[in-house]
Each structure stands twice: as C-alpha cells, then as structure tokens.
Amino acid sequence: LPFANDSVAEENAEFFAVGMHDELLTRLADISALKVISRTSVMEYRDTTKNMRQIGEELGVVYLLEGRVQRAGDRLHIIIQLIDAASDEHLWQDTYDRELTAENIFAIQAEMATSIATELHQSLSPEMTAKLNERPTQNTRAYDFYMSGEVYLKRLQLDVAIQQFERAVEEDPMFAVAWAALSRAHSRAYWDGITRVDGQHLEKARDAAATAFELVPNLPEAHFAMGYFYMYVT
C-alpha cells in the first residue's frame, strides 16, 4: 500500500515517500516467487478508510504491506508492517533508522525486500540477491531529483519531470537509470506536444537512452526507454 509521509517541511519529502514505495514494489516484483499487485492498482488506497480485509479481497491478495517514511535533516526513519489480509493480524514489523545517504537508502530497500521474502518463506538466489543490492547512484541529491521526476512523469507534468531528471544527471552524470528516465520523459513530451515537427524531444530522448546504454550496457531501464522512444516514433 502507498507509504505515509511523516516528514515535516523536508524538501522533496512527499516524493521521497512515493519513490521508496515504488522502488520497493519494483524490487518485490523482481522476486519471481511473489505475485505483486501493480502500483496503479494500489494507489487508489491512499488515505482510504477501508479495512485490511476489504482491501485484501478487492486486490485478491493474501498479504498487505504498509509503511511510514520520515526524513528529518540527515536522518531517515522507516517503519514497515506485513499484514495477513484475511485476519488483519500483523505478521512482521521492522524499523529502519539510518543516516540519510544514497548507500543507506538502497541498503534499506534491499533489506526490506529480503526480509519480506524471508518472512513469506521464499529463498533468494545469489543472482537475485545481487540484483537487490545494486546501487544505481551514490549521490543522495541525484536520487532525490530522480524520484521526484518519476512522480511528475506519472502525473504527466512532463516539463517538471524533465527538469528533475536533468538535475539528477547533472548531480551524477554516471546515473544511468536517471538518463533512461530522462529519455522516457522526452519521448512522452514529444507525443503529447502540440507540434512535433522539430524533433527536439526525439533527439534528446534518443541521446539520453544511448547515454544510459553507454554507462551500463544491457541496462533494463535503457531497453525500456529505447522501446518507449520507438513506440512514440512509430
């Protein structure tokens, strides 16, 4: 379920909570033994008054995961709980209280996904463990900009999304995933534009995807970005 944002007056805090939710969904979905409901389906339960049994029945799931995210200065505090949807019983809970660094953010994401899989009696292969522990950037500001860009992209606020992704790659030019996201934003801006004759967005979309490939060959997000590009071209 969407994570609650408990931060007070922290820059990009709302986007950070949404981004942590999205990233954990992605990591859990990568675990083949788990069936994970899509972000689109679960977002309607933000601020819902429905109980866990109702939500579980509507989504057709056995377990629900909820969490709270708080940023305060240079500290990050996250609480997540795994709940049996049928009985509304808390099966597992954990708290993460760390210094706010990019390394810690990715470490927490990997730890959460691993702990949830373990709690559900799913073993992870060495390849899956390695994938969960990938670190796309070591720059916290770059990651902040990337996560807020993803939120704006989903909202189709494309000019702002492009601006945020550009800030991300300015902060960390080696951030391949952000380059791929920038490519997707330009492709969508081309498609949604009133005029598409100058090809400006297309050129930037192609170049950003190519940069992502150069930085990390066979990067899945770069393949996705290039597919996005060709979808909108044709």
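Above this text sits the structure in question.
All residue numbers refer to position in the chain's written sequence, counted from 1. Where local features are concerned, this predicted model is filtered to residues with pLDDT of at least 70; where side-chain atom pairs are given and counted, the filter is 80 or more; whole-chain, interface and lining totals use all residues. Side-chain numbers here rest on the full set of heavy atoms in the structure, without hydrogens or water.

Observations regarding helix H4 (residues 102–119)
Each helix corresponds to a stretch of at least 4 residues labelled H or I by DSSP, and each strand to a stretch of at least 2 residues labelled E; elements are numbered beginning at the N terminus. By this rule, a helix spans an expected 1.5 Å times one less than how many residues it contains. In this model, H4 (18 residues) spans 26 Å end to end at C-alpha, consistent with the 26 Å of a helix rising 1.5 Å per residue. Any residue under 20% of the maximum accessible area for its type is buried, any over 50% is exposed, and the rest in between are partly exposed; the area is computed with a 1.4 Å probe on protein chains only. All of the buried residues in H4 are Ala102, Asn104, Ile105, Phe106, Ala107, Ile108, Gln109, Ala110, Met112, Ala113, Ile116 and Ala117. Its buried side turned inward, H4 meets helix H1 (13–29), strand E2 (63–72), strand E3 (75–84), strand E4 (89–99), helix H5 (126–132) and helix H6 (140–154). Only heavy atoms enter the contact rule, under which two residues are in contact if any of them lie within 4.5 Å.

Points about unusual backbone geometry
Peptide bonds are, in most cases, trans, and in most cases residues other than glycine have a negative phi. Its identity is not glycine, yet Asp47 carries a phi of approximately 60 degrees, on the positive side. Along the polypeptide, Asp47 turns up in the loop between helix H2 (39–43) and helix H3 (52–59). At Leu156, a position not held by glycine, the phi torsion is positive, near 65 degrees. Of the residues examined, Leu156 reaches a relative accessible area of 42% and is grouped as partly exposed.

Some words on the nonpolar core
In plain words, nonpolar cores are sets of buried Ala, Val, Leu, Ile, Met, Phe, Trp, Tyr and Cys residues tied together by side-chain atoms within 4.5 Å. Membership of the largest hydrophobic core comes to 66 residues, with the highest contact counts inside it found for Ile78, Ile80 and Tyr146. Per element, the largest residue contribution to this core is 10 residues, and it comes from helix H8 (residues 176–192). Not counting chain neighbours up to four residues away, the residues in contact with Ile78 comprise Met20, Arg68, Val69, Asp94, Thr95, Tyr96, Ile108 and Met112. If you look at the next biggest cluster of nonpolar residues, it comprises 11 residues, including Tyr45, Ile55, Ile83 and Ala85.

Comments concerning the pattern of salt bridges
Here, a salt bridge means any Lys or Arg side-chain nitrogen found within 4 Å of an Asp or Glu carboxyl oxygen. Across all of its chains, the model carries 12 salt bridges by this definition. Across the pair Arg141 and Glu171 runs a salt bridge, and its minimum N-O distance is 3.1 Å. In this pair, Arg141 sits in helix H6 while Glu171 sits in helix H7 (residues 158–171), placing the two residues 30 residues apart along the sequence. For Arg141, a relative accessible area of 44% corresponds to the partly exposed category. As a salt-bridge pair, Lys154 and Glu150 come within 3.7 Å of each other at their nearest N and O atoms. Of this pair, Lys154 and Glu150 both sit in helix H6, 4 residues apart, which is roughly one turn of that helix. Its relative accessible area of 11% is what places Glu150 among the buried residues. Via salt bridges that share partners, Asp22, Arg39, Glu150, Lys154 and Arg184 belong to a single interconnected network.

Focus: the sheet that holds E2
Sheet architecture is open: 4 strands sit in the order E1-E2-E3-E4, paired in mixed fashion. Looking at strand neighbours, the two that pair on one side only are strand E1 (4–5) and E4, the edges of this open sheet. Bridge count for E1 against E2 is 2 bridges, and the pairing is parallel. Counterpart to Asn5 in the pairing with E2 is Val69. To obtain an axis, a line is fitted to C-alpha atoms, over the contacting stretch when the element is a helix, and the angle between two such axes runs from 0 to 180 degrees between their N-to-C directions. Most of the contacts of H1 go to E2, to which it runs at about 145 degrees, and overall it touches E1, E2 and E3. Each of E2 and E3 touches H3; the most contacted strand, E2, lies at about 115 degrees to it. One bridge is not enough; two strands pair if DSSP finds at least two bridges between them.

A look at the packing of aromatic side chains
Aromatic rings considered in pairs are described by the distance between their centres and by the relative angle of their planes. Within 6.5 Å between ring centres, the rings of Phe, Tyr and Trp (the latter by its six-membered ring) count as paired, and their orientation is classed by plane angle as stacked under 30 degrees, edge-to-face over 60, tilted in between. Taken as a whole, this structure holds 7 aromatic pairs when the rule is applied. A ring pair is formed by Tyr146 and Phe165, whose centres lie 6.2 Å apart and whose planes are at 45 degrees; its orientation type is tilted. Of this pair, Tyr146 sits in helix H6 while Phe165 sits in helix H7, placing them 19 residues apart in sequence. As far as burial versus exposure is concerned, Tyr146 and Phe165 are alike and both buried. Summarising the aromatic geometry, the rings of Tyr146 and Phe175 are spaced 5.4 Å apart at their centres and angled 55 degrees between planes, so their arrangement reads as tilted. With a gap of 29 residues between them, Tyr146 in helix H6 and Phe175 in the loop between H7 and H8 connect regions that are remote in the sequence. Taking relative accessible area as the criterion, Phe175 reaches 0% and is therefore assigned buried. Feature note: the residues Phe106, Tyr143, Tyr146, Phe165 and Phe175 constitute an aromatic cluster, connected by ring pairs. A cation sits over an aromatic face here: Arg71 above Phe16, 4.7 Å from the ring centre. Here, a charge over a ring is recorded when the distance from Lys NZ or Arg CZ to the ring centre is within 6 Å and its angle to the ring normal is within 35 degrees.

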